[in-house]
Amino acid sequence: MNLNSYTLIVTYFMAALGLAAISLVESVGAAFTLAMAGVSAFTLALNLKGRKVIPGAIWNLLAAGVFAFFVADYLAFSGSLVVAASRFLTILLVLKLFDLNRNRDFVIAYAIVFFQILSAAASTVSPLFLLILSLFIIGAIWAMILFNMKRDYQEVHPTEKAFPKVAFGGPFFAYVIGASVFSITVTFMLFFIMPRMEFGFLQSKSLNTVKVSGFSDRVDLGTIGPVKEDPTIVMRVGMDPKARPAGLVYFRGMTLESYDGKGWVKAVKDETLVRRDTGGVFNFERLEGKVVEQSVLLEPLDTDVLFAAGNPVSVEGPFQNVWLDRSGTMRLPSPPYSRIQYRASSVLSPVRKDLSTPLPQYGDTSHLDGSPEGERIKALAESVADGANGARDKAEAIQAHLKKNYSYTLNPKPGAGLSPLDDFLFNSRQGYCEHYATAMAIMLRSNSIPSRIVTGFLNGEWNELGSYYIVRQQDAHSWVEAFIADEGWVRFDPTPEAGVSLYRPSTVSLYMDLLRWRWNRYIIQFSLDDQRQMAIRFEGVGAGVFEGLKGALSKKTTEGAASPLALGAVVAVLLISLIAWRVYTRKKVRTRMPHFYAEMLRTLKRKGLSKGPTETPLEFAERTGIAEVKDITLALHIERYGGRNLNEAERRSVDAAMERLRRSA
Amino acid sequence: MPEVKVIRGKPGIIDLAITALLSRGHLLLEDVPGVGKTTLAHGLAKSINCSFQRIQFTSDLLPSDVIGVTVYNQALNAFEFREGPLFANVVLADEINRATPKTQSALLEAMNDRQVSVDRNTYRLPKPFMLLATQNPIEFSGTFPLPESQLDRFTMCIRIGYPDESHEREIITRSASSASAVDGLSAVLTTDDVERMQTLVEKVKVDEDLVGYIMAIANATRNHRSIRLGVSPRATMTLYKAAQARALISGRDYCIPDDVKVLSVPVFAHRLITVEHGVDEGTEASTAVIEEILSSIAVPV
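Residues numbered from 1 in each chain as written. Chains lettered and ligands numbered in written order. Predicted model: local features only at pLDDT ≥ 70, side-chain atom pairs only at ≥ 80, totals over all residues. Heavy atoms only, no water.

(A) Representation of the confidence of the model for chain B. Confidence along chain B averages 83 in pLDDT terms, with 91% of residues attaining 70 or more. The least confident element of chain B is helix H6 (residues 165–177) of chain B, whose mean pLDDT is 75; the most confident is helix H9 (residues 233–249) of chain B, at 92. (pLDDT = per-residue confidence, 0-100. Helix = DSSP H or I, 4+ residues; strand = E, 2+ residues; numbered from the N terminus.)

This is the structure we're talking about:
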């Protein structure tokens, strides 16, 4: 293969990476990406045959046209800068592939790919991106080497049109990979070491927020149903596996207390503003019980509600202040619209020990008054609770009744002309969590027990590999809290077990999600705090190493005290210093020796002839007594000391001499 | 024109002599009598068609005997400068170490600035000007060894050495047939040619790494434990120029490491003072030291 074909291969490899990166950008469209890939393949065929379709002048015009399309795309169609820019860059790249002519064109193509990668980086959180980026670095280094070789060749042979045949062996690719690994390592080190700012210049609102239902000031009955089959991930909640409760975990969202016959409304304005303490933590009221820590990675949602398991006691995260109401609902001043990471501590007990007398709104049944349906519900409530003594027993009776006599379905058939609750209780007798919870809350109120609705998520799937819960839209749930005198607010869940989506995810998907979680957690959401944590941990390791060394030196150490971690760290430090030393010393003896001479020395070395460092090239040539060596030495003199590039004839004779030498060796 | 050879079996010596000539230098020939020192000087002068003077140095030789003297011209009623034997293109100062230091020093100005000053008047020497001095390292009674300052002004110090057996046989047989081969030499260059070549020498390209190589060798002589006095900056300058001249003679317009390496012994050896410096040693000890240094300094490739 000649040099030009190699350059083409690398260029198309890079273009493929650019397209792959663009395909990661949400809402660019698979059809668009595929179409562009098809056109690119077509250009490859053209380029291999050496045909030009678009001359440079027209290219500029087309590029201007594409730019106009970009503006139109941004303003009229996609409305998103990232999406429009991605499309713009992709079309530009494909156009450039039609016009790969001069060296400059290749550089422009690489630059476009670079910007494609950049725009993908701005909008994707896919771990696949890491792979693409790594390949891009390898490809870029390869392309740069080839590009330089090509340019050097053209400088030396300005009249030549064709390119020489070249073969790249293992050492070349080993070098390319090595250089890439080195630069990736350095990049990662920089990534983790560079001071992190808590605000971003380019922190854009995420492209696609997840539309969640049930977390706003008004929740109509029947809104949760449609999302119960949506597997979109809403959040991931990391938890210490030892602290994880045995049963289901209720991730609490918000509470609503006023029912108007069609839906629930949060009418009580009892939120207070919580400010962070000096440690950056928002502390709420103290609750009794064991506190469980969680680390929540919340996907971009269109709600301002923060989620936590059980009853939260404190939260810490990238927000200025938090609103908290008496029922324990945490809300932000505005929806974050971007992925956020926060830590929360909660008490998982089903009882919220808040003994203050509930507001009258929690017992309000006014919408039942004066209508036959209302009276029917009241009558049912009383008959179910009949025979039970005390609020708790009554509540349990109602819960049992609902669980037993109503069937769970995500698609209840609504009866004509009936209110949703009436329909559920007396007509269809089927529904899902919202219906059960609403029915129970109203029936509790009919028995003069204050109650409220809680919306949130139920359990999700536990990923043991990374010790976290994966919570999806389909885990959305609502339940009831009833005020029991002397106990506080007690959680009741009248929905039958069928309403809990329990399934065993495959190990592969768990691994994939673990990868995504780690990527989000340690790359995308890597924060100043994490850096501090890491520094503390490293300090610990460093101190461990130091202690270990001290112990080893003083020989006072007890057996087994030297930690393997410390030993590993010492080895790592030694290795790194060795590499650094090698790199440093190698830099110092940089040489301007022409390639052909170096190659000749290598060839002769294989024959057992090597030039001493204090031997001049001429002395060496005379010592070998080989005519070819003398010829090559003469060429070396011209290029190395004469400061003149070899002319065509000289270069050819050097190549010929080299060839003869190789053959004899 | 028949080829005439006056120096047999010593092509390196002739190259060195021409190198010294083209780098505007002077040559010190250090050897026992009868190996062809005078023949070399005479031959060189003949080949470039220029004036040649031979001064036999003795202990009673005065500076005026060399430089010239101011005499009163009665006819003109004025003092007049009579040029001494120094006013020639090639001057052979035979057995220079026999003259007194006073006479030896009279040559300093001539060697350095190519001019002489007598009674406040400065007289320019002809161009090109080259001094070839010989000294016998074996004879010591009644000799005055050259001071370091004067040794430093000689571009090179070379030893001709004995010819090998076959050449000596040839020399013996040939000398019997033709009494003076030097007379048979014809000029191949004019003095103008020599001057032009001297200017060309200055344009020969020297790679900066070769300058580094020269400096590395010079530094090594300054820090070597068996050398008491290393080479001066004048010496490194001289080596640089000599290397340029050698490149030109070899038909190159650029220097190669060999130019420096080959010339460092003849250019540096006589300037060093080794720790075991003895009067009877000549440059043998310092030649060995420089060769040792050369075998320890990496050649820039």
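(B) Quick look at the sheet that holds strand E5 (residues 90–94) of chain B. All names here are of chain B. Strands sit in the order E2-E5-E8-E1-E9 across an open sheet of 5 strands; the sheet is parallel. Either end of the sheet is taken by a strand with one partner, and the two such strands are strand E2 (52–56) and strand E9 (156–158). Ignoring which end each strand starts from, the neighbouring axes of this sheet average 20 degrees apart. Judged from the 5 bridges that link them, E2 and E5 form a sheet pairing that is parallel. Paired with Gln-56 across the strands is Asp-94, a residue of E5. Against the sheet, helix H1 (residues 11–22) touches strand E1 (27–30), strand E8 (130–135) and E9, its axis set at about 160 degrees to E9. Taken strand by strand, helix H2 (residues 37–47) contacts E1, E2, E5 and E8, and its axis lies near 170 degrees from that of E5. (Pairing = 2+ DSSP bridges. Axes fitted to C-alpha atoms, helices over the stretch in contact; angles between N-to-C directions. Contact = heavy atoms within 4.5 Å.)

(C) Representation of the nonpolar core within the structure. Core analysis: the largest hydrophobic core is formed by 74 residues, its most contacted members being Tyr-597 and Met-600 of chain A together with Leu-27 and Leu-132 of chain B. Apart from the residues lying within four places of it in its own chain, the contact partners of Met-600 of chain A are Phe-620, Val-629, Ile-632, Met-658 and Leu-661 of chain A. Grouped together as the second largest cluster of nonpolar side chains are 73 residues, Ala-309, Leu-332, Ala-344 and Leu-421 of chain A included. (Core = buried A, V, L, I, M, F, W, Y, C linked by side-chain atoms within 4.5 Å. Buried < 20%, exposed > 50% of the residue type's maximum accessible area, 1.4 Å probe, protein only.)

(D) Up close: helix H11 (residues 433–446) of chain A. Residue and element names in this part refer to chain A. Helix length check: H11, at 14 residues, gives a terminal C-alpha distance of 20 Å against a target of 20 Å (1.5 Å per residue), a fit within 8%. Burial runs high along H11: 14 of the 14 residues are buried. Ser-448 lies just past H11 and shows a positive phi near 65 degrees. (Expected span 1.5 Å × (residues − 1).)

(E) The arrangement of the pairing of strand E6 (residues 115–118) of chain B in detail. Examined bridge by bridge, E6 of chain B and strand E7 (residues 121–124) of chain B share 4 bridges and lie antiparallel to one another. Paired with Gln-115 of chain B across the bridge in E7 of chain B is Arg-124 of chain B.

(F) Geometry of the interface of chain A and chain B. Each partner contributes to the interface: chain A provides 20 residues, whereas chain B provides 19 residues. Contact between chain A and chain B buries roughly 1500 Å² in total, counting both sides, with carbon and sulfur atoms accounting for 56%. Counting the contacts that link chain A with chain B gives 3 salt bridges. With a closest N to O distance of 3.4 Å, Arg-640 of chain A and Asp-207 of chain B form a salt bridge. (Buried area = accessible area lost by both parts, 1.4 Å probe. Salt bridge = Lys/Arg side-chain N within 4 Å of Asp/Glu carboxyl O.)

(G) Looking closely at the sheet that holds strand E21 (residues 476–484) of chain A. All names here are of chain A. Taken in spatial order, the 6 strands line up as E10-E3-E18-E21-E22-E15 in an open sheet, and their pairing is antiparallel. Edge positions in the sheet fall to strand E10 (308–309) and strand E15 (351–352), since each of these pairs with one other strand and no more. Summarising the sheet, E21 and strand E22 (residues 488–492) pair through 5 bridges and their orientation is antiparallel. The residue bridging Val-480 from the neighbouring strand is Phe-492, located in E22. Together, E21 and E22 form the strand contacts of helix H9 (residues 390–405), whose direction differs from that of E22 by roughly 20 degrees.

(H) A look at the confidence of the model for chain A. All names here are of chain A. On average, residues of chain A score 80 in pLDDT, and 85% of them are at 70 or above. Low confidence marks residues 198–206, where pLDDT is under 50. Its contacts with residues over four positions away, or in another chain, come to 6 contacts. Ignoring residues within four places in sequence, the model shows residues 556–562, a span with pLDDT below 50, making 2 contacts including any to other chains.

(I) Quick peek at the packing of helix H2 (residues 30–49) of chain A against helix H4 (residues 81–98) of chain A. All names here are of chain A. At a closest axis distance of 8 Å, the pairing of H2 and H4 adopts a crossing angle of 15 degrees. With respect to H4, the element H2 is oriented roughly parallel. Viewed along their axes, H2 and H4 form a crossing whose handedness is left-handed. Residues Phe-32, Met-36, Val-39, Ser-40, Phe-42, Thr-43, Leu-46 and Asn-47 of H2 form the contact with H4, whose participating residues are Arg-87, Thr-90, Ile-91, Val-94, Leu-97 and Phe-98. Split by residue class, the contact of H2 with H4 holds 9 nonpolar, 4 polar and 1 charged. (Parallel < 35°, antiparallel > 145°, perpendicular 65-115°, else oblique. Left-handed = near helix turned anticlockwise from the far one by under 90°. Nonpolar A, V, L, I, M, F, W, Y, C, P; charged D, E, K, R; others polar.)

(J) The arrangement of the environment of Ala-72 of chain A in detail. All names here are of chain A. Note that Ala-72 resides in helix H3 (residues 56–77). Given a relative accessible area of 34%, Ala-72 falls into the partly exposed group. Counting along the chain gives 12 residues from Ala-72 to Ala-84, while the straight-line C-alpha distance between them is 8.8 Å.

(K) Main features of the packing of helix H8 (residues 372–385) of chain A against helix H10 (residues 420–427) of chain A. Residues and elements named next belong to chain A. Relative orientation of the contacting elements H8 and H10 amounts to 50 degrees, with a least axis distance of 11 Å. It follows from the interaxial angle that H8 and H10 lie oblique. Crossing geometry of H8 relative to H10 is assigned as left-handed. On the side of H8, the interface is formed by Glu-373, Arg-376, Ile-377 and Leu-380, while H10 contributes Leu-421, Asp-422, Leu-425 and Phe-426. In terms of residue class, the contact of H8 with H10 is built from 5 nonpolar, no polar and 3 charged.

(L) Representation of the packing of aromatic side chains in the model. Residue and element names in this part refer to chain A. One pass over the structure, following the stated rule, counts 23 aromatic pairs over all chains. Considering the side-chain rings of Tyr-408 and Tyr-436, the 6.5 Å spacing of their centres and the 20 degrees angle between planes classify their relative orientation as stacked. On the criterion of sequence distance, the pair formed by Tyr-408 in strand E16 (residues 407–408) and Tyr-436 in helix H11 is long-range, its members being 28 residues apart. Judged by its relative accessible area of 0%, Tyr-436 is buried. (Phe/Tyr/Trp six-rings, centres within 6.5 Å; stacked < 30°, edge-to-face > 60°.)

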